[in-house]
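Spelled out from the first residue to the last, the chains are:
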Amino acid sequence: MGTDHTSKIVGTAWGLLILNTLGSTGAKTIVPLPRSLIQMVTMGALAVAFTLALAVNLRLRIRASAFVFLLTLLLVPSVISSADLESGFGALFRCARLALFVGTLWLLSRWWDGGLTFVRHHIRMYFAVLASVAAGAVLSPGAAMPELYGGRLVGALWPLTPPQIGQYAAVIIGLAVLLLLGRRTDRFSAAVVIVPALVLLALTHTRTATLGLLIGLVLAIGSLFLTSAAARRFFAWAVLCAAVAAVGFGSVLRAWFLRGQSEENFASLTGRAKVWDALLAAPRTTSEHLFGAGLGDKSFGGLPIDNSWLAVYHEQGMTGVALVAAVIVVLGGVALLRPPSLPRACAIFLISYCAIASYTEAGLGDASPYLLHLAVAASLLAVPAAAPAATAEVPRRPVPRWAQSSEVT
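Everything numeric here is computed off the predicted structure, so don't read it as measured data. Counting restarts for each chain, with residues numbered from 1 along the sequence as it is written. The predicted nature of this model means local features are confined to residues of pLDDT at least 70 and side-chain atom pairs, given and counted, to a pLDDT of 80 or more, with totals for whole chains, interfaces and linings taken over all residues. Hydrogens and water molecules were not included; the side-chain quantities draw on all heavy atoms of the structure.

Trainee: Before we move on, could you go through the overall build of the protein and cite the residues and values that matter?
Mentor: Put simply, DSSP H or I for four residues or longer makes a helix, DSSP E for two residues or longer makes a strand, and each gets a number counted from the N terminus. Helix and strand counts for the protein come out as 17 helices and 2 strands. Residues counted as buried form 46% of the 409 residues belonging to the protein. It only takes one pair of heavy atoms within 4.5 Å for two residues to be counted as in contact. For the protein, the proportion of contacts with a sequence separation of at least 24, taken over those separated by at least 6, is 76%. The method behind every accessible area is Shrake-Rupley, applied with a 1.4 Å probe, and residues are considered shielded solely by the protein chains displayed. In the form shown here, the protein has an accessible surface area of approximately 20600 Å², with 68% of it arising from carbon and sulfur atoms. Between buried and exposed lies partly exposed: a residue is buried under 20% and exposed over 50% of the maximum accessible area for its type, with that area taken using a 1.4 Å probe on protein chains only.

Trainee: Outline helix H17 (residues 369-381), listing residues and values.
Mentor: Between the first and last residue of a helix there are one fewer steps than residues, each counted as 1.5 Å, and that sum is the expected span. Between its first and last C-alpha, H17 extends 19 Å over 13 residues, near the 18 Å set by a 1.5 Å rise per residue. Burial within H17 is extensive, with 13 of its 13 residues counted as buried.

Trainee: Tell me about the environment of Ser379, and please be specific about residues and values.
Mentor: Within the element layout of this structure, Ser379 appears in helix H17. The contact partners of Ser379, leaving out residues within four places of it in the chain, are Trp112, Asp113, Gly114, Gly115 and Phe118. Within the local environment of Ser379, its side chain forms a polar contact with the backbone oxygen of Val376, the two atoms lying 2.6 Å apart. For the purposes of these results, a polar contact is taken to be a pair of N or O atoms within 3.5 Å, where, inside protein, one atom must be able to donate a hydrogen and its partner to accept one; residues adjacent in sequence count only when each atom of the pair is a side-chain atom.

Trainee: Give a description of the pattern of salt bridges that names residues and reports values.
Mentor: The salt bridge criterion pairs a side-chain nitrogen of Lys or Arg with a carboxyl oxygen of Asp or Glu, the two atoms within 4 Å. Going through the model one piece at a time under the given rule, you end up with 3 salt bridges. Notably, a salt bridge pairs Asp306 with Arg272, separated by 3.5 Å at the nearest N-O pair. Placement of the pair is Asp306 in the loop between strand E2 (303-304) and helix H15 (308-337) and Arg272 in helix H13 (residues 272-281), with a sequence separation of 34 residues. For Glu315, the salt bridge identified is with Lys298, shortest N-O distance 3.1 Å. Remark: Lys298 occurs in the loop between helix H14 (286-291) and strand E1 (299-300) and Glu315 occurs in helix H15; sequence separation between them is 17 residues. Across the pair, exposure class does not vary: Glu315 and Lys298 are buried alike. Within this structure, Lys298, Glu315 and Asp366 form a network of salt bridges that share partners.

Trainee: Would you mind going over a nonpolar patch on the surface in detail, with residue names and values included?
Mentor: Taken together, the side chains of Ile30, Val31, Leu33, Leu37, Met40, Val41, Leu139 and Leu157 make up a nonpolar region of the molecular surface, amounting to roughly 700 Å² of accessible area. Sort the elements by how many residues they give to the nonpolar patch and helix H2 (residues 35-55) lands first, with 3 residues. Note that Val41 resides in helix H2. Only residues whose relative accessible area exceeds 30% and that form no salt bridge are eligible for patches; like-charged ones are grouped when within 9 Å, while nonpolar side chains (Val, Leu, Ile, Met, Phe, Trp, Tyr) are grouped when within 5 Å.

Below you can see the structure in the form of structure tokens.
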């Protein structure tokens, strides 16, 4: 099978994994889509992704990866807590989905070589998703910015929430900026991605994504500060622009950040703190404390948990929390030990973004975009496979003249 053909199949499989993690709930779309149809599409995408990954890796060659190994271990508390069906048969279905998701990552790990291939796959697919969001806003502005979400941008063609759109926009903005600084893309191509994504991010009014983008870029560019003149120039200009914006547009930025909320509502993180307090105060058995209550829809008492650590604690217990923490620590530790480079900077951006977003977003314990972001980071931190050494020609020993055969006449 040709290398280019294989690369296209791998990219298609990665895009299907992203499609699977888009979810099936969100705003009302222009053309009503039954949730069962959306679930069929997303689950079908995961099945096809696994099939494609298996088709190009029939010999099951995989790369040693602590990241995917820890995700495999995460299946253990997930299955243990879901087996008693306390959360219904849906918990076992989610376990099967997570197992298929992790299995696909194992198959694709063969192509994790420390290069930027999966970064480009990531940007292309999420840019396509954001293009659908922009198309929905053009076709029906009212449906794309409904009053139900406070006028924030949502997906009008595919049901996407403002935090989802903000997350996708922030991730591809950060990666595109780093590719530009590393001279792996030209200014026009970077602008085509960054400018529309910035507009969509602003329209979502997503504070978590914005903070994750800013802090993640500061850490990533800081890792290049001593080795890249372009990174130093960008950092200086960014600081200058931030100072000007803070002085000249301080009130506008504050209004955007508060989103019309009261100080009390903002202090309670839009009501999240009340759900967190109730979840932590709920009585639990020893089994539930260690392994959780089973994979669910990341809600408690009918309200979204919106915190990865508490969602993992609720569904996979302290065992799951320890494994997820190990994922972040291992990836972060490996990134710090790598020498300065563009792949390392991209990995630092993705790891820091996911760590910051985990405070107000759920997803680190189940198949989600956050696990895909971390998978890209793992691919960037992988050590390139050693090329097979060329077989040196063994010098022949000289044959004595008396031993050489002579022609018989």
